[in-house]
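# Overview (structure and organization)
Below, each chain spelled out in residue letters.
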Amino acid sequence: MAALFSCLRCTGRACQTSLLPAGFKGATRSIISLSPRSFHRIQILDTSCLSLSKSPSLRMSATVRYEPRHTRAYSSHGHSVGEGTNAHPLLQSFIGEVLGKYWDRTPTAVTILGLLQSMLGGSSPIYFDHLAFRTFSVSTLGLDSIGSIFTDFGYTKMDMLSFPARKLTAYWYAPPVGQIHLPRVFISELRVDEMSEAAQQVVRKYTECQGGKQAGRYAALCAATGILPWAPPTAQDHATLLAESEYAAWTLVNGYNLNHAAVSVHRLQGLEGGIEGLNDVLLSRGFAMNEEGGLLKVSPDVGLVQSSTVADQIAFRFEQGQEGMVAGSYLEFAQRAVLPEFRHLPEEEITEQHRRDGFEVGNADKIFESTSAVWSRKPMQPMANYGREFQMDSEDGELKKSAAQA
């Protein structure tokens, strides 16, 4: 773990990780760079709570370029330091770094969070309900490989969820007692030994190579840096897995990168209409939503309601430099109802402990389709101007090439 301490530049003090990229400025026309190197942070209220001072509405292409950094060094993003949280600074830094890579790869999420802040007046904090990772259940690469950093710092491994048709097993992890602002964590693993022999050979080809064998020991480091834990796969191997398991294909090219973050809708102050109203707004703005099983995924007890966007597509560089489009990450929304025994409490006294907890197999099964749905959409072309600066026209919200790059 010494390498992780160095990578995250932990200060040893309680720190508040700044999570969103640049570009949310109040000027009439602001310059936005789509290069990952230009992304930086703004101060937040705590590890799972975002607070933007100003965030004009903007739209950007849901296509980003992502090249696995299997052998290249990658500098981590900085973070701000503040007061007001008792969570271990390493845990806070780790979550912040993971989210930093997520923002770089998921422009739809950045855009929606900016829209939310604009809708809510820029003063409402945005909390995460949970963060989710995908893994392979081979060697040391299963869910415990990434789950261990959370349990080491106070998280509790909770209920198991099984998805027989998808050959998946998942657990969710509850934050440390008293840390109600830390997100839950949902980690799943693909039961590789239940796949076809051809698919198993592809998975083991990468996970049992020199780099893959060590990946389980450094899963947290891979998640924090965005480095693919094994060699870049061939396009044919990706296609082989995609034909049998979209989950397997996604994990092969994304590794331990965050699969999705989920906004806690019931904690959005001033949002009208709850999660249904939010979905209506997103649809009216043209965001692609996961409609598998219906737009809303509702638990049998009606206590947990979820929805999600369709994953962004990213340009991936396969072995020998061949490029192609693959599924990236997405943004989820979760709304948890107050438990019956606490409905008598005044609204100002209700906290997360008074609401429906955990996850639901039926809901999660449909949420998994957020990455599968990418393949039913019209293929997108990589951005020709990736890394150049664009300026936003505040009147129509469109990104336009700056005069310097025209």
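Bear in mind that the values here come from a model prediction, so they are computed numbers and not experimental data.

### Some points on the overall build of the protein
- Summing up its helical and strand segments, the protein has twelve helices and 15 strands in all.
- Burial analysis of the protein (406 residues in total) assigns 57% to the buried set.
- Of the contacts made within the protein by residues no fewer than 6 positions apart, 73% connect residues no fewer than 24 positions apart.
- Just so you have it, the protein exposes about 16,500 Å², and 49% of that area is on carbon and sulfur atoms.

### What about the pairing of strand β12 (residues 323-327)?
- Of the pairings in the sheet, the one linking strand β11 (residues 313-317) to β12 comprises five bridges and is antiparallel in character. Paired with Gln313 across the two strands is Ala327, which belongs to β12.
- Hairpin connection from β11 to β12: five residues lie between these consecutive antiparallel strands, with Gln320 at a positive phi of about 65 degrees.

### Details of the side chain of Thr234
- Examined against the element boundaries, Thr234 turns out to sit in the loop between α7 (219-225) and α8 (235-244).
- The class for Thr234 is buried, based on a relative accessible area of 16%.

### Remarks on the environment of Thr156
- The topology assignment puts Thr156 in strand β5 (residues 156-163).
- Looking at Thr156, the relative accessible area reads 41%, which means it is partly exposed.
- Placed 20 residues apart in sequence, Thr156 and Pro176 show a C-alpha to C-alpha distance of 7.1 Å.
- The residues touching Thr156, leaving out its near neighbours within four places in the chain, are Trp172, Tyr173 and Ala174.

### Brief notes about the packing of aromatic side chains
- Under the defined criterion, the tally for this structure stands at twelve aromatic pairs.
- When the centroid spacing of 5.7 Å and the interplanar angle of 65 degrees are considered together, the rings of Phe94 and Phe150 count as edge-to-face. Of this pair, Phe94 sits in helix α2 (residues 89-105) while Phe150 sits in helix α4 (residues 143-152), and the two are 56 residues apart along the sequence. Neither Phe94 nor Phe150 differs from the other in exposure class; each is buried.
- Centre to centre, the rings of Tyr247 and Phe368 are 6.1 Å apart; their planes meet at 70 degrees, and the pair counts as edge-to-face. With Tyr247 in helix α9 (residues 246-254) and Phe368 in the loop between α11 (361-367) and α12 (369-372), this residue pair connects regions lying 121 residues apart in the sequence. Taken individually, Tyr247 and Phe368 each receive the classification buried, so the pair is uniform in this respect.
- Put simply, the rings of Phe163, Trp172, Phe186, Tyr247, Phe359 and Phe368 pair up and form one aromatic cluster.
- Here Arg134 stacks its cationic end above the ring of Trp250, 5.1 Å away from the centre of that ring.

### Some words on the packing of helix α3 (residues 107-119) against helix α10 (residues 274-284)
- Two elements in contact, α3 and α10, have axes separated by 12 Å at closest approach and are oriented at 115 degrees. At the point where α3 passes α10, the crossing takes the right-handed sense. In this structure, α3 contributes Ile112, Leu115, Leu116 and Met119 to the contact, and α10 contributes Leu278, Val281 and Leu282.
- Here the residues of the contact of α3 with α10 are counted per class, giving seven nonpolar, no polar and no charged.

### Here we look at the packing of helix α5 (residues 197-207) against α8
- Two elements in contact, α5 and α8, have axes whose closest approach is 9 Å; the angle formed by their N-to-C orientations is 135 degrees. Here α8 runs oblique to α5, going by the angle between their axes. At the point where α5 passes α8, the crossing takes the left-handed sense. Where α5 approaches α8, its residues Ala199, Val202, Val203, Lys205 and Tyr206 are matched on the opposing element by Asp237, Thr240, Leu241 and Glu244.
- Here the contact of α5 with α8 is composed, by residue class, of five nonpolar, one polar and three charged.

### Side note on the pattern of salt bridges
- Going through the model one piece at a time under the given rule, you end up with 16 salt bridges.
- As a salt-bridge pair, Arg134 and Glu246 come within 3.7 Å of each other at their nearest N and O atoms. Of the two residues, Arg134 is situated in strand β4 (residues 126-136) and Glu246 in helix α9; the sequence distance between them amounts to 112 residues. Side by side, Arg134 and Glu246 carry an identical accessibility label, which is buried.
- Between Glu369 and Arg166 there is a salt bridge, and its shortest N-O distance comes to 2.6 Å. Note that Glu369 is positioned in helix α12 and Arg166 in the loop between β5 and β6 (168-174), a separation of 203 residues in sequence.
- Judged by its relative accessible area of 22%, Arg166 is partly exposed.
- Ionic contacts of the salt-bridge type, sharing partners, join the residues Asp129, Arg184, Arg336, Glu352 and Asp357 into one network.

About the criteria used
Residues numbered from 1 in each chain as written. Predicted model: local features only at pLDDT ≥ 70, side-chain atom pairs only at ≥ 80, totals over all residues. Heavy atoms only, no water. Helix = DSSP H or I, 4+ residues; strand = E, 2+ residues; numbered from the N terminus. Buried < 20%, exposed > 50% of the residue type's maximum accessible area, 1.4 Å probe, protein only. Contact = heavy atoms within 4.5 Å. Areas by Shrake-Rupley, 256 points an atom, 1.4 Å probe, with all protein chains shown as cover. Pairing = 2+ DSSP bridges. Phe/Tyr/Trp six-rings, centres within 6.5 Å; stacked < 30°, edge-to-face > 60°. Lys NZ or Arg CZ within 6 Å of the ring centre and 35° of its normal. Axes fitted to C-alpha atoms, helices over the stretch in contact; angles between N-to-C directions. Left-handed = near helix turned anticlockwise from the far one by under 90°. Nonpolar A, V, L, I, M, F, W, Y, C, P; charged D, E, K, R; others polar. Parallel < 35°, antiparallel > 145°, perpendicular 65-115°, else oblique. Salt bridge = Lys/Arg side-chain N within 4 Å of Asp/Glu carboxyl O.

Geometry only, nothing functional implied.
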